[in-house]
Amino acid sequence: MGIGKKINGSTTYFRDEYILDKCLNKTVLHVGCTDFPFFKESLNQGFLLHEKVNQVAQKVIGIDIAQSEVQEMQSHGYDVRLFDAQKMSTYQWKEKFDVVLLGDVIEHIPNIGLVIEESIKMLSQDGIIVITVPNAFGIIRFLKSFFKYEQVHPDHLVYFSSGTLETLAERFDLKVREMAWYRFEARDPRLTVKVSAFLERI
């Protein structure tokens, strides 16, 4: 008998809208908050997730290891700290958080399990961890592979699927409240990008 898992996903959301709904009126620890290496572009074009979370959350603290980006975000008035997510519980925090936001960040981190352990320590009693990752089975990524081209961020270390995310949660005794698909809000007006987005929605 072959091994495997059913591909799970309840529905499809715009990523940022989904995250903002989970962060509404909550205290949030945003891990990987600088959107490195796209901070300036995201900020100037209004796509910076940390800024959006700041607009809806009760309180937001961001951490990142990208030093120059952290300094620049601080200069813009954001409460962000230069800190390694793999050691976040060693910081002298004054509070626990309703939400630990790992938005498209764990695929960048060498020791993912350690970050999950650290995130659990940062949660309030009824707190949640929100994780978003690129889909290993995204149709555009799959189609480009036929042309010997891998659509991958230069800083990514791993791919994730619904099955591997479920296993990750099980290893750390986390309950999966929801598994869903996401897509980004339109950022590029080119026709090829719009066609790609249309195919991915299907």
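This is a predicted model, so every value here is computed, not measured.

Conventions we followed
- Residues numbered from 1 in each chain as written.
- Predicted model: local features only at pLDDT ≥ 70, side-chain atom pairs only at ≥ 80, totals over all residues.
- Heavy atoms only, no water.
- Helix = DSSP H or I, 4+ residues; strand = E, 2+ residues; numbered from the N terminus.
- Rg over C-alpha atoms; globule rule 2.2 N^0.38 Å.
- Buried < 20%, exposed > 50% of the residue type's maximum accessible area, 1.4 Å probe, protein only.
- Contact = heavy atoms within 4.5 Å.
- Lys, Arg positive; Asp, Glu negative; His and termini not counted.
- Charge placed at Lys NZ, Arg CZ, Asp CG, Glu CD.
- Core = buried A, V, L, I, M, F, W, Y, C linked by side-chain atoms within 4.5 Å.
- Arc of directions from axis to C-beta.
- pLDDT = per-residue confidence, 0-100.
- Pairing = 2+ DSSP bridges.
- Polar contact = N/O pair within 3.5 Å; in protein donor to acceptor, adjacent residues only side chain to side chain.

1. Some points on the overall build of the protein
Within the protein, the regular secondary structure consists of 8 helices and 7 strands. In terms of overall dimensions, the protein is globule-like: its C-alpha atoms have a radius of gyration of 17 Å, near the 17 Å expected for 202 residues. Dimensions along the principal axes, computed over C-alpha positions, put the protein at roughly 50 × 45 × 30 Å. By residue count, 39% of the 202 residues in the protein fall in the buried class. Here the contacts in the protein between residues at least 6 apart in sequence split such that 76% fall between residues at least 24 apart. Taking the average location of the 24 positive side-chain charges in the protein and that of its 27 negative ones, the two points are 3 Å from each other.

2. Observations concerning the nonpolar core
Residues L29, V31, I63, M88, V100, L102 and I106 are the most contacted members of the largest nonpolar core, which totals 25 residues. The set of elements that each furnish at least two residues to this core consists of strand 2 (27-31), strand 3 (59-64), strand 5 (97-103), helix 5 (112-121), strand 6 (123-132) and helix 7 (162-171). Sequence-distant contacts of V100, defined by excluding residues within four places in its chain, comprise L29, V31, S119, M122, L123, I128, I129 and V130. Counting 12 residues, the second-largest nonpolar core is a separate cluster that includes L49, A57, V60 and L101.

3. Regarding helix 4 (residues 67-75)
Here helix 4 has its buried residues at E69, V70 and M73. Here the buried residues of helix 4 occupy an arc of 100° about the axis, which is enough to place them on one side. Next to the buried residues of helix 4 lie helix 2 (39-45), helix 3 (49-56), strand 3 and strand 4 (80-82).

4. Things to note about the confidence of the model for the protein
Confidence in the prediction for the protein averages 89 pLDDT; 94% of positions are at 70 or higher. The least confident element of the protein, judged by mean pLDDT, is helix 8 (residues 191-201) at 71; the most confident is strand 2 at 98.

5. With respect to the pairing of strand 3
Among the 6 residues of strand 3, 5 are classified as buried, and the element is accordingly described as predominantly covered. Sheet topology note: the strand 2/strand 3 ladder contains 5 bridges and is parallel. Along strand 3, the bridge assignment pairs L29 with I61. Of the strand pairs in this sheet, strand 3 and strand 4 are connected by 3 bridges, and their pairing is parallel.

6. Quick look at unusual backbone geometry
Residue F36 is joined to P37 through a cis peptide bond whose omega torsion reads 5°. With respect to the secondary-structure elements, P37 resides in the loop between strand 2 and helix 2. Backbone geometry at D104 places phi at a positive 50°, although glycine is not the residue there. Mapped onto the elements, D104 comes out in the loop between strand 5 and helix 5.

7. Some remarks on the environment of E118
Inspection of the secondary structure assignment puts E118 in helix 5. Each C-alpha atom of the pair E118 and M88 lies 6.2 Å from the other, and the pair is 30 residues apart in sequence. With residues near it in sequence (within four places) discarded, E118 still touches A85, Q86, K87, M88, S89 and T90. Here K121 takes part through its side chain, which lies 3.1 Å from a polar atom of the side chain of E118.

8. Structural notes on helix 5
Looking only at helix 5, the buried set comprises I112, G113, V115, I116, E118 and S119. In this structure, the buried residues of helix 5 make contact with strand 5, strand 6 and helix 7.

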